[in-house]
Amino acid sequence: MSYVKGLFHGTGTLLTGLKVTFKEFFTPKVTEQYPENRATLKMYDRYCGELTMPHDAEGHNKCIACGLCQTNCPNGTIRLVTEMVTDPATGKAKKRLVRYEYDLGSCMFCHLCVNGCPTGAIRFTTKFEHAVFTREKLVKQLNR
Ligand code: SF4
Ligand code: SF4
């Protein structure tokens, strides 16, 4: 009797498994076929791929060289080179950004730099293909 009972139980579990398998044949696919779908692949807007500094049509950015992003960064990923200039409007001395360096290789995408920026001068793009042959190529100048 226990043999027949076991047979029914085994058939029942087999059918349950097959039900799941056949259901998956007809559900929409969620797996991305990368890199075959490279041309159409769209990343989520919240994805942090690479830090950038947007520039307007005249080539200006919003950075005021305050250095908060550099101070906030826990990895020393951002390095600012600044100089003091005289503001023609006020005649007062002010800091000017000379070079904004970002080392993608040591960034942990924590967003602390972006969150701390008072002018919204930096933001993350969703670019995720970063393969290069040398580490030096991961160090990027963000300002023009
Ligand atoms: S995301 Fe984090 S680790 Fe990367 S540069 Fe900004 S503060 Fe530094
Ligand atoms: S990017 Fe923002 S936080 Fe960093 S130096 Fe420029 S203005 Fe300051």
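Everything that follows concerns the structure shown earlier in this document.
Residues numbered from 1 in each chain as written. Chains lettered and ligands numbered in written order. Predicted model: local features only at pLDDT ≥ 70, side-chain atom pairs only at ≥ 80, totals over all residues.

1. Some details on the overall build of the chain
In terms of regular secondary structure, the chain is built from 3 helices and 5 strands. Reading the chain from its N terminus to its C terminus gives the helix and strand order α-β-α-β-β-α-β-β. Principal-axis analysis of the C-alpha atoms gives the chain an extent of 100 × 30 × 30 Å. Per-residue burial over the chain gives 10% buried out of 144 residues. Within the chain, residue pairs in contact and separated by at least 24 positions form 71% of the contacts whose partners lie at least 6 positions apart. (Helix = DSSP H or I, 4+ residues; strand = E, 2+ residues; numbered from the N terminus. Buried ≥ 20, exposed ≤ 12 C-beta atoms within 10 Å, placed from the backbone. Contact = placed C-beta atoms within 7 Å.)

2. Focus on the sheet that holds strand β5 (residues 139–141)
Spatial ordering of the open sheet is given by β2-β3-β5, a layout of 3 strands whose pairing is antiparallel. Taken across any chain shown, the strands that pair with only one partner, and hence form the sheet edges, are β2 (78–86) and β5. For this sheet, the mean angle separating the axes of adjacent strands, direction not counted, is 25 degrees. Two strands pair when backbone bridges link them, and strand β3 (residues 93–103) and β5 are joined in this way by 3 bridges, in the antiparallel orientation. When the bridges of β5 are listed, Tyr-102 appears paired with Lys-140. (Pairing = 2+ DSSP bridges. Axes fitted to C-alpha atoms, helices over the stretch in contact; angles between N-to-C directions.)

3. A closer look at the site of ligand 1
By nearness alone, 13 residues border ligand 1, and Cys-73, Thr-77, Cys-107, Cys-110 and Cys-113 come closest of all. Tallied by class, the residues present in the shell around ligand 1 amount to 9 nonpolar, 4 polar and no charged. (Near = placed C-beta within 6 Å. Nonpolar A, V, L, I, M, F, W, Y, C, P; charged D, E, K, R; others polar.)

4. Comments concerning the pairing of β3
By the bridge criterion, 9 bridges tie β2 to β3 in an arrangement that is antiparallel. In the sheet register, Glu-83 faces β3, and the bridge partner there is Arg-96. Turn length for the β2-β3 hairpin, with the two strands adjacent in sequence and antiparallel, is 6 residues, and the turn residue Gly-91 shows positive phi of about 80 degrees.

5. Some details on the nonpolar core
Formed by Leu-51, Met-53, Cys-63, Cys-69, Cys-73, Ile-78, Tyr-100, Tyr-102, Cys-113, Ala-121, Ile-122 and Leu-142, the largest nonpolar core amounts to 12 residues. Residues contacting Ile-122, with those up to four places away along its chain left out, are Leu-51, Thr-52, Met-53, Cys-69, Cys-113, Val-114 and Cys-117. (Core = buried A, V, L, I, M, F, W, Y, C linked by C-beta atoms within 7 Å.)

6. Structural notes on the site of ligand 2
Around ligand 2 sit 13 residues in total, of which Cys-63, Cys-66, Leu-68, Cys-69 and Cys-117 are the nearest. Split into classes, the residues belonging to the shell around ligand 2 amount to 10 nonpolar, 3 polar and no charged.

7. Observations regarding the environment of Thr-52
Mapped onto the fold, Thr-52 is located in strand β1 (residues 50–52). Of the residues examined, Thr-52 has 15 C-beta atoms within 10 Å and is grouped as partly exposed. If sequence neighbours within four positions are ignored, Thr-52 has contacts with Ile-122, Arg-123, Thr-125 and Leu-142.

8. Considerations on helix α1 (residues 2–26)
For α1, with 25 residues, the first-to-last C-alpha span of 37 Å sits near the 36 Å given by 1.5 Å per residue. Little of α1 sits out of view: just 0 of its 25 residues are buried. (Expected span 1.5 Å × (residues − 1).)

9. Side note on the environment of Cys-113
With respect to the helices, strands and loops of the structure, Cys-113 is situated in helix α3 (residues 112–116). Between the alpha carbons of Cys-113 and Leu-68 there is a distance of 7.3 Å; along the sequence they are 45 residues apart. Beyond its immediate sequence surroundings of up to four residues, Cys-113 is in contact with Leu-51, Cys-69, Asn-72, Cys-73, Ile-78 and Ile-122.

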